[in-house]
Structures are given as C-alpha cells and as structure tokens.
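# Structural description and commentary
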Amino acid sequence: MPRSIAKSMLFVFATGLPLIFAGSAESALAADANPLGNLKAGEWYEVPDSRLDAVAPQESKFPWLRGNVGGVIDCWAGGAFDTQRDRLYIGPGGGHAGYNGNEVYAFDMHDLKWRRINDPDPVIPGTEYTDLNKAPFAMHTYDGVQYLPPPVDRYIVIGGWGTPRTYALDPDHPDHWEVFAAFQRGFSSEVALDVVDIVKDSTLVATALNYPDLTIVAGDSFQIECTASYSHGADRFERRATNEATWSSDAPDVATDSQGLIRAIRPGGPTKIHASVSGKTATALVTVTKNPVIRRISFQVQSKSPRAGWDADNGQAYTDDRGFGWLDTHDLAQRDDRASAHHQLLMRFVKANENKFKLKVPRGQYMARIAMGDADYGAVPFAEWTSVGSEKLIYYAGHQNNVATKIVTAGDDGLVFSVKGSINYLVVAPVGTDLEKYADDGP
C-alpha cells in the first residue's frame, strides 16, 4: 500500500465500526481493489461489516473474561499505526471494570478487516489483573501506546497507574510480550537499551526549512529550523539539522544568519538564506522592511475603529477596494457593549454562523491572531470557532474571551476564514513578523 495513504488517515470508532477520514493523500489503492481509491481528501468512509466484536474472544473459551469488548475502544483507549504492515493496533483496552481482556486487535488497511492478533491472558482470581511480569492487563491506554519502526519494530504499551511496567509486542510473534523496567512513584529502575544510530547507514534525500518565505522588520530577528530527510531501506524519517547545517546569506548587509537565527539588518531583498547539509541545500527568501506589514481588523458596530492603526468591520460585504469583508452577510449580528471584558477590542464583536470572511493578501504563509468571545454571556463551550479550510484555528472555551495565534497559508484567493460565533478581532502579518511587538492588541 502506498505510504502516502498510511500517513493521511484518521480513524474514528463507533461500537467497533471504523470511520476513515482521508487527509491529503497523494494516492491510494486502485479503486477496483479498495474503496479508498475513490476517497477524496476531506471525505469519510464507514467500513461495512467490520465489527470488532466479530473477532473478539468468547467467554466460553476464556471463562475469566468480564465486561463488554467495546471497552477496548470506549474506555479512554489509544491506538498506534504500524507503518510497515499498514495496520492500526488497539489494546489492551478496558480496565476499571469496563473489560478485562488484554488481547490486541489490528485493523488492516489492505483488506479493511479486523483481526485479533493474540488471545487474552488469564486474570488473577478475584481481580481484573493479569500477571504483570508477563503481560499488561486491560487498562485505559490513553496516548500511552506507540509503534516504533525498524530497527525496533515493536508495538509499545507504556505502563500507567497500577501498571509498573513497559511492554513491547513483536507484530510477527504476538503470542508473548517483552517486559521492561518497573517504575513506582518517585522511583525508576535502571534499564539497558541498545540505541542504534541508523543515520550513518541511511541516505540523505533532501533538506527543508520550516518557513521558506519571511518578512522581517529591520532590527528584528527570527528563528527558522532546518530538517533533513533520510531513507533507510523502505523507511523514511526526518531529523532536526539546524545546528549541523552550514548557513549562508546572499546579502549579509540585508540579512545575516547564525544557526537559523535570521537578523534583519536594513530594508531590502528578497535575499536568499541557505542551509546546507552534506551537499543538500534548502533556501529561504527573506524580505526586510522598515515597518511591519500587518493588517489589524476590529469587529464591531461602528464603521470606524476606536484604535489608530486598526480597520473596522461591522458585517459589511467584501470588496476589493477595502481588501476585506464577508462573503456571506446573512444573519450577522454586531455588539460593542460587553463592558465586563475591560478591553477596548474584546468588548466588541460580530457574531457569525459559519459565515466566510475574506482578507486579500498575496500567496504565502502568515501569522494570524484571532480573538473570540462574548465576555458577558459566553457560549456553549467549544461550540464556536474560526477556521481556514478544514483547520480550526481557535475554539471558544465559552466564557470571557480567547485568543490564539496560528500559521495559515494564503492561496490565490487570499485568506478565507470561516467563523462560527463571536469574533472580536483579527491580526494578520507575514511569517517573520513579531506579533508580540506589533499586534497592538493589548487593553
């Protein structure tokens, strides 16, 4: 199966029936071999006839089993994806009287079927615990499970409360667990691990910078990171290479660099900053400006912002002349009287119901700071949000006001935000801008 699909699937389980969400997969299995072949990014697929309980152990064969096997998923359970075999592992789930079987299940992306890869271990009479020296007992795994690719190639279960061990399962020999160090509160025993450095036996494929296009105000600085991508047989991995890279600037009188810390000297550019690792080079374009390139918008009742340097929006439709506005003005409402906010910008808002707001900017990456909330009346917690595309940038917690800063990417149509709830203000600037210095969004 192509690795691209293995890295772009989100699994959600309802009573053991998986729903698969497609992310930005480059490819999938052929449509005639697998229904995921026609699954588009952003779509869900409910896998039919794939109930977990169909492969669950039966109490007639394992008479110590108690509870419902649904606890493997329902009781605060985590999972881990095996990138070598394209399988999702869950278990040993349950615990706290939910379910006491410690078996592990695998959902296979090749045929979209569940398998139970081992049997439950006997529990100690009168308890729901197995022998902790041999295997983990059924428990709330939360995020304490992980698949480690070769050279380890193990499904790992991290012991939690009442489970003072760490366990590893070989997917090719799942009939027994490998048991590692014990720990208690305030104490950890020693454990010897063989650490294998595979970089020297791997092939450097490429280097990349996390921000390839920056705008920085003269006198300011901004840290970027370099990542090196490697291949090791069929595996692919990345590692941070900021410190080992050789950095250089095409115009050091405009911008200089020291281990990824870019210092803007004088207005000019764009100039190129290079990071090289073993002959592989990544480049960032840096533009240095005299003043920040920034857009500040207050959402309110009046058509003019009470604060200098800010634009105001009171529910008006988008126009190219203004460069911002709502693509859909239906059912918008405005208020400017939430005095309990004690903040000039947070006492005002436009309330939307999944309406779209557009800001005209060139293509590229931007830092977006969004404030939401009705300080006097609040809202249902986390029912209100602002997003760009499918990415939620902020959820409103339901009381006072919340502020979030995220990196967003503008396309040919600029930035289009979808807003559900009360939005107070929006600040947008190119990546490289120090929003703590230039946002001007304090009380």
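Below: a short report on this structure. All residue numbers here refer to positions counted from 1 along the written sequence of the relevant chain. Thresholds applied to this predicted model are a pLDDT of at least 70 for local features of residues and 80 or more for the giving and counting of side-chain atom pairs; totals over whole chains, interfaces and linings are not thresholded and use all residues. Values shown for side chains rest on all heavy atoms present in the structure; no hydrogens or waters enter the calculation.

Where helices and strands are cited, they refer to DSSP runs of H or I of at least four residues and of E of at least two residues respectively, numbered from the N terminus. Tallying secondary structure elements over the chain gives three helices and 33 strands in all. Each residue's exposure class comes from its accessible area (1.4 Å probe, protein chains only) as a fraction of the maximum for that residue type: buried when under 20%, exposed when over 50%, partly exposed otherwise. Burial statistics for the chain: of 443 residues in total, 48% are counted as buried. Only heavy atoms matter for contacts: two residues are in contact if any of them lie within 4.5 Å across the pair. Summarising the internal contacts of the chain: among those between residues at least 6 apart in sequence, 58% fall at separations of at least 24.

Right, let's get into the pairing of strand β8 (residues 145-148). Burial along β8 is one-sided: V145 and Y147 are buried, and none of Q146 and L148, which face the opposite way, are. Here the rule is simple: two strands pair whenever DSSP picks up at least two bridges between them. By the bridge criterion, four bridges tie β8 to strand β9 (residues 154-158) in an arrangement that is antiparallel. The residue of β9 that forms the bridge with L148 is R154.

What follows concerns the packing of aromatic side chains. What counts as a ring pair is set by centres within 6.5 Å for rings of Phe, Tyr and Trp (its six-membered ring), and what kind of pair is set by the plane angle: stacked under 30 degrees, edge-to-face over 60, tilted for all other angles. All told, the structure shown has 12 aromatic pairs when counted by the stated rule. Judged by centre distance (6.3 Å) and plane angle (80 degrees), the ring pair of Y167 and W177 falls under edge-to-face. Highlighted residues: Y167 in strand β10 (residues 166-170) and W177 in strand β11 (residues 173-179), separated in sequence by 10 residues. The exposure class assigned to Y167 is buried, which follows from its relative accessible area of 0%. On the basis of relative accessible area, W177 is assigned to the buried category, the value being 8%. A centroid spacing of 5.1 Å and a plane angle of 70 degrees characterise the contact between F299 and F357, whose relative ring orientation is edge-to-face. Of this pair, F299 sits in strand β24 (residues 295-299) while F357 sits in strand β28 (residues 349-359), and the two are 58 residues apart along the sequence.

Criterion for a salt bridge: a side-chain nitrogen of Lys or Arg within 4 Å of a carboxyl oxygen of Asp or Glu. Scanning the entire structure with this criterion turns up 25 salt bridges. Here D82 makes a salt bridge to R85, at a shortest N to O gap of 2.8 Å. According to the relative accessible area criterion, R85 is buried, its value standing at 16%. Between R240 and E225 there is a salt bridge, and its shortest N-O distance comes to 3.0 Å. With a gap of 15 residues between them, R240 in strand β18 (residues 235-240) and E225 in the loop between β16 (221-223) and β17 (226-232) connect regions that are remote in the sequence. Accessibility expressed as a relative area gives 22% for E225, which makes it partly exposed. In this structure, a network of salt bridges that share partners links the residues D82, R85, D153 and D172.

This next bit is on unusual backbone geometry. With an omega dihedral of 0 degrees, the bond running from G91 to P92 counts as a cis peptide bond. Of note, P92 is situated in the loop between β5 (87-90) and β6 (105-108). Note that the residue after P150, namely P151, is joined by a cis bond; omega there is 15 degrees. The topology assignment puts P151 in the loop between β8 and β9. Here the phi dihedral of D49 falls at roughly 50 degrees; this positive angle occurs in a residue that is not glycine. By the secondary structure assignment, D49 is in the loop between β3 (44-46) and α2 (71-74). Classification of D49 as exposed rests on a relative accessible area of 79%. A positive phi angle, close to 50 degrees, is found at S278, a residue other than glycine. With relative accessibility at 71%, the residue S278 sits in the exposed group.

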